[in-house]
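# Observations on chain architecture
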Amino acid sequence: MKVRLFSILLVIFASNAMAQNKDNYFAGIGINSFGASISRDKSIIRHLDLGLGLNVNNADEPYFNTRTSLYIDIRPYFQRRKNLLFLPVDIGWSLYNGSQPKDDNMQRSGLYTSFGVGYAYLISKRGMGPFISLAMNGYTEEHHLTDANMAPAARNYSIYDGMVQLSVGFKF
């Protein structure tokens, strides 16, 4: 029931955001861990954008190398002339791709969250310009070990895996 309610709210908020007339695109690449992201945001009220985004990261793990996330992007911002400070907050669903170890079955999807801070220098009247951001990206993972010698409580566990992502990109 909670997943259905979350899905309905996601569609309502995203469609309301897309009905506005001002849109912003943020496209970036990761510096410390290779990845790419793009989000499309609409201004819903002054100093607040809401939209959808897609993120693909290389997790630098031996088995699950790629994480793809589809998320709602909430982006409060503060602008003074050509300086734009923004605080991206993302929540959505992530998918894992890669091979699995022989003694562990990991669930292929989970929750994606991110919180960060960014700065853009606007070079045009429309608001285009380069940006840099620092964010904490997090993923939930559920593991099911197949070792029969372990207690059932020790075989099944979940973790929240987070990493700091430094990104550079361009705001369109």
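Residues numbered from 1 in each chain as written. Predicted model: local features only at pLDDT ≥ 70, side-chain atom pairs only at ≥ 80, totals over all residues. Heavy atoms only, no water.

### So, the overall build of the protein
Our working rule: Helix and strand assignments follow DSSP, with helices taken as H or I runs no shorter than four residues and strands as E runs no shorter than two, numbered in order from the N terminus. Remark: exposure states derive from per-residue accessible area (1.4 Å probe, protein chains only) relative to the maximum for the residue type, with buried under 20%, exposed over 50%, and partly exposed in between. The contact rule is simple, with two residues in contact once any of their heavy atoms fall within 4.5 Å. For every accessible area listed, the method is Shrake-Rupley and the probe measures 1.4 Å; residues are considered covered only by the protein chains on display.
Within the protein, the secondary structure is distributed over 2 helices and 10 strands. Walking the protein from its N terminus toward its C terminus, one meets helices and strands in the order α-β-β-β-β-β-β-β-β-β-α-β. Looking at the protein residue by residue over its 172 residues, the buried ones come to 36%. Within the protein, contacts between residues separated by at least 24 positions form 54% of all contacts whose residues are at least 6 apart in sequence. Per element, the accessible surface of the protein, about 10,100 Å² overall, is 65% carbon and sulfur.

### Some thoughts on the nonpolar core
Note the threshold: The criterion is simple. A nonpolar core is a set of buried Ala, Val, Leu, Ile, Met, Phe, Trp, Tyr and Cys residues joined through side-chain atoms within 4.5 Å.
Phe-26, Tyr-77, Leu-84, Phe-86, Ala-120, Leu-122 and Phe-131 form the largest nonpolar core, which has 7 residues in total. Not counting the four nearest positions on each side in its chain, Phe-131 is found in contact with Phe-26, Ala-27, Gly-28, Phe-86, Tyr-119, Ala-120, Ser-167, Val-168, Gly-169, Phe-170 and Lys-171. Residues Tyr-71, Met-106, Tyr-112 and Tyr-139 belong to the second largest nonpolar core, which totals 5 residues.

### Some thoughts on the side chain of Ser-167
Here Ser-167 is to be found in strand β10 (residues 156-171). When neighbours within four sequence positions are excluded, Ser-167 is seen to be in contact with Ile-29, Gly-30, Ile-31, Phe-131, Ile-132 and Ser-133.

### Concerning the pattern of salt bridges
Oppositely charged side chains may form a pair once their charged atoms are brought near each other. Defined as follows: Here, a salt bridge means any side-chain nitrogen of Lys or Arg that lies within 4 Å of a carboxyl oxygen of Asp or Glu.
Per the counting criterion, the structure on display carries 6 salt bridges. The salt bridge involving Arg-126 is made with Asp-23; its shortest N-O contact spans 3.5 Å. Taken together, the residues Arg-126 in the loop between β8 (109-121) and β9 (129-145) and Asp-23 in strand β1 (residues 23-30) connect sequence positions 103 residues apart. Arg-126 gets classed as partly exposed once you look at its relative accessible area, which sits at 44%. Overall, Asp-23 belongs to the buried group, its relative accessible area being 16%. Across the pair Arg-75 and Asp-41 runs a salt bridge, and its minimum N-O distance is 3.0 Å. One end of the pair, Arg-75, is in strand β4 (residues 66-80); the other, Asp-41, is in strand β2 (residues 35-45), and 34 residues separate them in sequence. Taking relative accessible area as the criterion, Asp-41 reaches 0% and is therefore assigned buried.

### Let's talk about unusual backbone geometry
The phi torsion at His-47 lies on the positive side, around 70 degrees, for a residue other than glycine. Position of His-47 among the secondary structure elements: in the loop between β2 and β3 (48-58). The partly exposed category is assigned to His-47, whose relative accessible area is 30%. Phi at Arg-81 is positive, roughly 55 degrees, even though this residue is not glycine.

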